[in-house]
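Architecture and fold: a report
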Amino acid sequence: MKILIVDDETAVYEHLKALIPWEELGWSIAGHALNGEEACELVRFHNPQLILTDVRMPIMDGLKFMEWLRQTGNTAEVIVLSGHGDFEYSRKAFLLGAFDYVLKPVQEAELLRVLDLVVEKLHQNSAVKTEQIRQTAVIRSGLSVLTDELFTHAVSSGEIDEHELFVRAEQLQIELPENGYYLAVLRILNQEEKVNAKYKGDRGVFHFAVRNIVRESLEHASKLIVYRQLTKSNEIILLCASRDKEDKRLPVLLVRTLQSLQKYLHVHAKLGVSLHKTKLSKLSAAYREASHALDSIPLDDKELIAYYGAGTSIKQEAGMTEPYSDIWKQIGLSVEMLLETGILRDGKLLMTKLNEAFEDKALAGIRGRELKISASVLLEKIEAKSQNEDVLLLVSEGKNRLLEMNVPQLKELLTQIFERLLSLTGNERRLKNGKTLIEVICRYIEEHYRTVTLDDISQRFYLNKNYFCTLFKQATELSFMEFVTEIRMKHAKRLLKESELKTYEIAEQVGYMDQRYFSQVFKKAVGMQPTQYKRKEQS
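Conventions and cut-offs
Residues numbered from 1 in each chain as written. Predicted model: local features only at pLDDT ≥ 70, side-chain atom pairs only at ≥ 80, totals over all residues. Heavy atoms only, no water. Phe/Tyr/Trp six-rings, centres within 6.5 Å; stacked < 30°, edge-to-face > 60°. Helix = DSSP H or I, 4+ residues; strand = E, 2+ residues; numbered from the N terminus. Buried < 20%, exposed > 50% of the residue type's maximum accessible area, 1.4 Å probe, protein only. Polar contact = N/O pair within 3.5 Å; in protein donor to acceptor, adjacent residues only side chain to side chain. Contact = heavy atoms within 4.5 Å. Pairing = 2+ DSSP bridges. Axes fitted to C-alpha atoms, helices over the stretch in contact; angles between N-to-C directions. Salt bridge = Lys/Arg side-chain N within 4 Å of Asp/Glu carboxyl O. Parallel < 35°, antiparallel > 145°, perpendicular 65-115°, else oblique. Left-handed = near helix turned anticlockwise from the far one by under 90°. Nonpolar A, V, L, I, M, F, W, Y, C, P; charged D, E, K, R; others polar.

**Description of the packing of aromatic side chains**
Inspection of every chain in the model, using the stated rule, returns 12 aromatic pairs. Between the aromatic rings of phenylalanine 468 and phenylalanine 480, the centroid separation amounts to 6.0 Å while the plane-to-plane angle is 70°, which identifies the pairing as edge-to-face. Of the two residues, phenylalanine 468 sits in helix α23 (residues 465-476) while phenylalanine 480 sits in helix α24 (residues 480-498), which places them 12 residues apart along the sequence. Taken individually, phenylalanine 468 and phenylalanine 480 each receive the classification buried, so the pair is uniform in this respect. Taken together, a centroid distance of 5.7 Å and an interplanar angle of 45° make the contact between tyrosine 512 and phenylalanine 518 tilted. Here tyrosine 512 and phenylalanine 518 have matching classes, each one buried. One aromatic cluster is present, formed by Tyr512, Tyr517, Phe518, Phe522 and Tyr533 through successive ring pairs.

**Describing the side chain of asparagine 35**
Residue position: asparagine 35 is located in the loop between β2 (28-33) and α3 (36-46). Asparagine 35 gets classed as buried once you look at its relative accessible area, which sits at 6%. Looking at asparagine 35, its side chain comes within polar contact range of the main-chain nitrogen of glutamate 37, at 3.0 Å. In this structure the side chain of asparagine 35 is engaged in a polar contact, spanning 2.9 Å, whose partner is the backbone nitrogen of glutamate 38. Once residues within four sequence positions are removed from consideration, asparagine 35 is found in contact with Val6, Met57, Pro58, Ile59 and Met60.

**Notes on the sheet that holds strand β5 (residues 100-103)**
Reading across the sheet, the 5 strands line up as β2-β1-β3-β4-β5 and stay open at both edges, with parallel pairing between neighbours. Single-partner strands in this sheet number two, and they are β2 and β5. On average, each strand axis in the sheet is tilted by 20° relative to the strand beside it, whichever way the strands run. The pairing of strand β1 (residues 2-6) with strand β3 (residues 50-54) spans 4 bridges and is parallel. Opposite isoleucine 5, over in β3, you have leucine 52 as the bridge partner.

**A look at the pattern of salt bridges**
Any two side chains of opposite charge can pair, so long as their charged atoms come close to each other. Per the counting criterion, the structure on display carries 23 salt bridges. Between glutamate 235 and arginine 187 there is a salt bridge, with its nearest N and O atoms 3.8 Å apart. Residue glutamate 235 is located in strand β8 (residues 235-241), and its partner arginine 187 is located in strand β6 (residues 181-188); the two are separated by 48 residues in the primary sequence. Here lysine 194 and glutamate 193 are joined by a salt bridge, their closest N and O atoms 3.9 Å apart. It is possible to trace a salt-bridge network through shared partners that takes in Arg187, Lys232, Glu235, Asp295 and Lys372.

**Describing the packing of helix α18 (residues 389-403) against helix α19 (residues 407-423)**
Contact geometry of α18 with α19 gives a least axis separation of 9 Å together with a crossing angle of 165°. Classified by the interaxial angle, the pair formed by α18 and α19 is roughly antiparallel. The hand of the α18/α19 crossing is left-handed. In contact with Asp390, Val391, Leu394, Val395, Glu397, Gly398, Arg401 and Leu402 of α18, α19 contributes Gln409, Leu410, Leu413, Gln416, Ile417, Arg420 and Leu421. Residue composition of the contact of α18 with α19, grouped by class: 8 nonpolar, 3 polar and 4 charged.

**Things to note about the pairing of β6**
Buried residues dominate β6, accounting for 8 of its 8 residues. Side chains of β6 alternate between two faces, with Tyr181, Leu183, Val185 and Arg187 and Tyr182, Ala184, Leu186 and Ile188 buried alike. Sheet topology note: the β6/β8 ladder contains 7 bridges and is antiparallel. Bridging across to β8, leucine 186 finds its partner in isoleucine 236. As defined by bridge partners, β6 adjoins strand β9 (residues 269-273) across 5 bridges and the pair is classed as antiparallel. Across the sheet, the residue bridging to isoleucine 188 is alanine 269, located in β9.

**What to know about the sheet that holds β6**
A sheet is described by the order of its strands in space; here 5 strands give the open sequence β7-β8-β6-β9-β10, paired in mixed fashion. Edge positions in the open sheet fall to β7 (225-228) and β10 (305-307), since each of these has one partner strand only. Across the sheet, the mean angle separating the axes of adjacent strands is 20° when strand polarity is ignored. Direction of pairing for β7 relative to β8: antiparallel, over a ladder of 4 bridges.

Read these as layout, nothing more, since geometry by itself doesn't imply function.
Right, dumping it as structure tokens:
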């Protein structure tokens, strides 16, 4: 199909040329005329099927050009582009056979909408149906992208101008719910596997197939809007119009949707559903509710749909089961030691614990929110303490996978991060002389001198108690308890000198619950009772 653009401004021509994927549509721009007279010559030579023309132009304006087209019996469809919204201009254009009247500056969504209608009209009586389907698919694909952008922005921003939303939706041929709605977040858990195996890596085609299945499954839901959440590659959002706060049809339709995705596309997905909303200004709140509900679903396959506010409270979700929490605590301690010292006595143990954290039996019953908390704390710690560019890039990718709750890819990225950190560790000589390790432990003791114990050190740094005591004595010439006592006495002397605290209060501050025992230790270390030291220093 040939297109002719008639406008006295070259900038407008360049804008229109870049705005629409003409070649992808199978259309070619036959030429650009700066006025109606030039346009007449180009029409005779190229015989275009579609003409985009301005109204006000020198020599011959757009309306006179359209009169000429009518007189010569030319059947090209004409879309008038004008910076003037006066009724008189548009009335004359339509009387001369204009297909549509579009105001400048031309918006992509509006022009795509008009072109969609032009394609339908041009092919109404044509046998070339496949070309019509292809061209329509390209246009509607563009409209889908604009729809995705519109609603992604709407749920991401706190404030939404409802009037502007209705105007934009009308341009995109979208009928918005006016009497209430539910918002559901569909998270596809095995997206990458399916995209690579069946769709040769083409996510666009995969998402097109998913949308079609969703629309067919929810065909009885009035005013259904299906769009992609562009900030998360594996999320599809369903906006279901409903007047009813307790819509009994919705759960049935949503279950059917998941079943159809599994049956026809072998897609494994879960759904989170918001509370009923009456105002479109609450789209952002509805998205947060649906996401929260989705993150409350256990990571196993026993539960697939969750409704916000139905049964599970935020307080209940916050607690992690002990075994699962312990695994992540051990992982965190190992990674922290690796980042602080550059060494780790047992790298294999770290990888074993990571594998345990992602085993089916560990994930069974664990909610998505709990995994998010554990992994995000770990990634933040690595990001704050590592300076290696490769590690930081992997951490950034890990955060994205965590947002999407892509569990297999998250595990793979954490594995790569740990392997990279381990490859950067110091050599065996540093581990054998123990100097770097003891320096880190000393800093830890200084920070936690009030409560630190030998068991704490053994568990935190994965050290045998006897081995640690020997190593510590060699490096500091003090036993562990002598070192702790020295630090406690240093702080006790400072408090006795600078504060008005009672002796028993200072004892508690530095880690002694028994004031009498504190006084004994202090006298042995300093040579006088705490009260005597206080009088001496403050006199």
